[in-house]
Amino acid sequence: MLNDLVKMDNPILVFEEVRNIVLEMFSRFDFNPLDVLLSDTIRLFKGHYPGFQPCDTEYHDLKHTTDTLLAMARAMHGGTLNGLHFSKNGVFLGLASAMLHDSGYILSRDEPGPGARYTLVHIDRSIDFLKKYFFEKGYSDKDMDACDAILKCTGLNVNISQVNFLCPENEILGKMLGTADLLGQMSDRTYLEKLPFLYREFKQAGIESIGTELDFLDSTPGFYEMTLERLAGDLGGVERHMRHHFRARWNMDENLYVNAAQNNIRYLKYILKHHRDDVHAYLRRGGLMAKLLKRFS
């Protein structure tokens, strides 16, 4: 149901929905900086941004970025409907942070690949990229520091209480991006098909503790349970605002992100129980298993 609302594999259409959502929050909003940033983000991931190679991570790709972007906009809109107050600059910084939150996977022209080798430091690299980008565009140091704090909230091992937030709005935005990052990926209709790519990214990063691919898939339902705990705990339960968005925007009184993620995990448990010897044959969406075979055979 979630993936029927917007054509998620088209970044331009995703951003059109983001614009519609922002206009629900503000009758007037200057989209020019976001338009430029979206164009630059697309160029960055496709290898057309000066000084950088194209994205080579199949899990942390442009679609994951736009999935997170839309989830972030929906969270902010739902929060507004639920009594939160955001400034226009805060909304801009939240959306900008979403667009660049995984820029750290992108390699500069002279860096050896693959980009996944930087998995464990990709947040610091993303912050560095954002700050350089903001400096070149003339944004203030305060805006850079605000985004620094927001981006840190996407780290699964980050203690949110130790992040140096600039103000309460900055803290809410950070928790919303951490939430959007998790829900955006786990609700993706091709989430399960992308897990074998994520496994290979972790292996390329030197993370050996994950075991075999089957071990990794077996651990995913447990990761989902930990995700729910993090959403409700460290990330402040801001996912509850999603329901207000879907009720107002689509007349659906439910959190479609959690529903979609639960459906993904339910199907994963099914194939792990009944088809352990041929899991890939039951991951049919998007032609991703054929792509996996071609790339890693």
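Preceding block: the structure.
This section reports on the structure supplied with the text. (Residues numbered from 1 in each chain as written. Predicted model: local features only at pLDDT ≥ 70, side-chain atom pairs only at ≥ 80, totals over all residues. Heavy atoms only, no water.)

Moving on to the overall build of the chain. When helices and strands are tallied, the chain shows twelve helices and zero strands. When the elements of the chain are put in sequence order from the N terminus, they spell out α-α-α-α-α-α-α-α-α-α-α-α. In summary, the chain has a C-alpha radius of gyration of 18 Å against a globular reference of 19 Å for 297 residues, a match within 12%. Projected onto its principal axes, the C-alpha positions of the chain cover 55 × 50 × 35 Å. For the chain, with 297 residues in total, the buried portion stands at 55%. Intrachain contacts of the chain at a sequence separation of at least 6 include 72% that bridge at least 24 residues. With an accessible surface of roughly 13600 Å², the chain has 50% of that area assigned to carbon and sulfur atoms. Positive and negative charge centroids in the chain, built from 35 and 40 side chains respectively, lie 3 Å apart. (Helix = DSSP H or I, 4+ residues; strand = E, 2+ residues; numbered from the N terminus. Rg over C-alpha atoms; globule rule 2.2 N^0.38 Å. Buried < 20%, exposed > 50% of the residue type's maximum accessible area, 1.4 Å probe, protein only. Contact = heavy atoms within 4.5 Å. Areas by Shrake-Rupley, 256 points an atom, 1.4 Å probe, with all protein chains shown as cover. Lys, Arg positive; Asp, Glu negative; His and termini not counted. Charge placed at Lys NZ, Arg CZ, Asp CG, Glu CD.)

Our next topic: the environment of leucine 183. Looking at the secondary structure, you find leucine 183 in helix α7 (residues 168-186). Counting along the chain gives 45 residues from leucine 183 to leucine 228, while the straight-line C-alpha distance between them is 9.7 Å. With near-sequence residues (within four places) excluded, leucine 183 lies in contact with Leu231, Glu239, Met242, Tyr257 and Val258.

Along the chain, the position of serine 103 falls in the loop between α4 (88-100) and α5 (122-137). We classify serine 103 as buried; its relative accessible area is 3%. A polar atom in the side chain of serine 103 sits 2.8 Å from the backbone oxygen of leucine 100. (Polar contact = N/O pair within 3.5 Å; in protein donor to acceptor, adjacent residues only side chain to side chain.)

Relative orientation of the contacting elements helix α8 (residues 191-204) and helix α11 (residues 256-274) amounts to 70°, with a least axis distance of 10 Å. Classified by the angle between their axes, α8 and α11 sit roughly perpendicular to one another. Here Tyr191, Leu192 and Leu195 of α8 lie close against α11, whose contacting residues are Asn264, Ile265, Tyr267 and Leu268. Each residue belonging to the contact of α8 with α11 can be placed in one class, and the counts come to six nonpolar, one polar and no charged. (Axes fitted to C-alpha atoms, helices over the stretch in contact; angles between N-to-C directions. Parallel < 35°, antiparallel > 145°, perpendicular 65-115°, else oblique. Nonpolar A, V, L, I, M, F, W, Y, C, P; charged D, E, K, R; others polar.)

The step from glycine 113 to proline 114 runs through a cis peptide bond, and the omega angle for that step is 0°. The phi torsion at asparagine 251 lies on the positive side, around 60°, for a residue other than glycine. Tracing the backbone through its elements, the reader meets asparagine 251 in the loop between α10 (241-250) and α11. Judged by its relative accessible area of 69%, asparagine 251 falls in the exposed class.

With that settled, the discussion passes to the packing of aromatic side chains. On inspection of all chains with the given rule, the structure shows 13 aromatic pairs. Both rings, one in phenylalanine 92 and one in phenylalanine 134, keep their centres 6.3 Å apart while their planes meet at 20°; by these two values the pair is stacked. Note that phenylalanine 92 is positioned in helix α4 and phenylalanine 134 in helix α5, a separation of 42 residues in sequence. Residue classification places phenylalanine 92 among the buried residues on the basis of a relative accessible area of 8%. (Phe/Tyr/Trp six-rings, centres within 6.5 Å; stacked < 30°, edge-to-face > 60°.)

Here we take up helix α12 (residues 288-296). When we look at burial in α12, the residues that qualify are Leu288, Met289 and Leu292. Here the buried residues of α12 occupy an arc of 100° about the axis, which is enough to place them on one side. Along α12, exposed side chains directed more than 90 degrees from the buried face belong to Ala290, Leu293 and Lys294. Residues of α12 that are buried sit in contact with α8. (Arc of directions from axis to C-beta.)

Attention now goes to the side chain of threonine 119. Looking at the secondary structure, you find threonine 119 in the loop between α4 and α5. Each residue touching threonine 119, except ones within four places of it in the same chain, is listed here: Tyr105, Glu201, Phe202 and Ala205.

Formed by 94 residues in total, the largest nonpolar core has its most connected members in Met72, Met76, Val91, Leu95 and Phe134. Looking at which element gives the most residues to this core, the answer is α11, with nine residues. For methionine 72, the contacting residues outside a window of four places in its chain are Gly94, Leu95, Ala98, Leu173, Met176, Leu177 and Ala180. (Core = buried A, V, L, I, M, F, W, Y, C linked by side-chain atoms within 4.5 Å.)

For the rest of this paragraph, the subject is the environment of aspartate 215. Relative to the elements of secondary structure, aspartate 215 occurs in helix α9 (residues 213-232). Judged by relative accessible area, which is 40%, aspartate 215 ranks as partly exposed.

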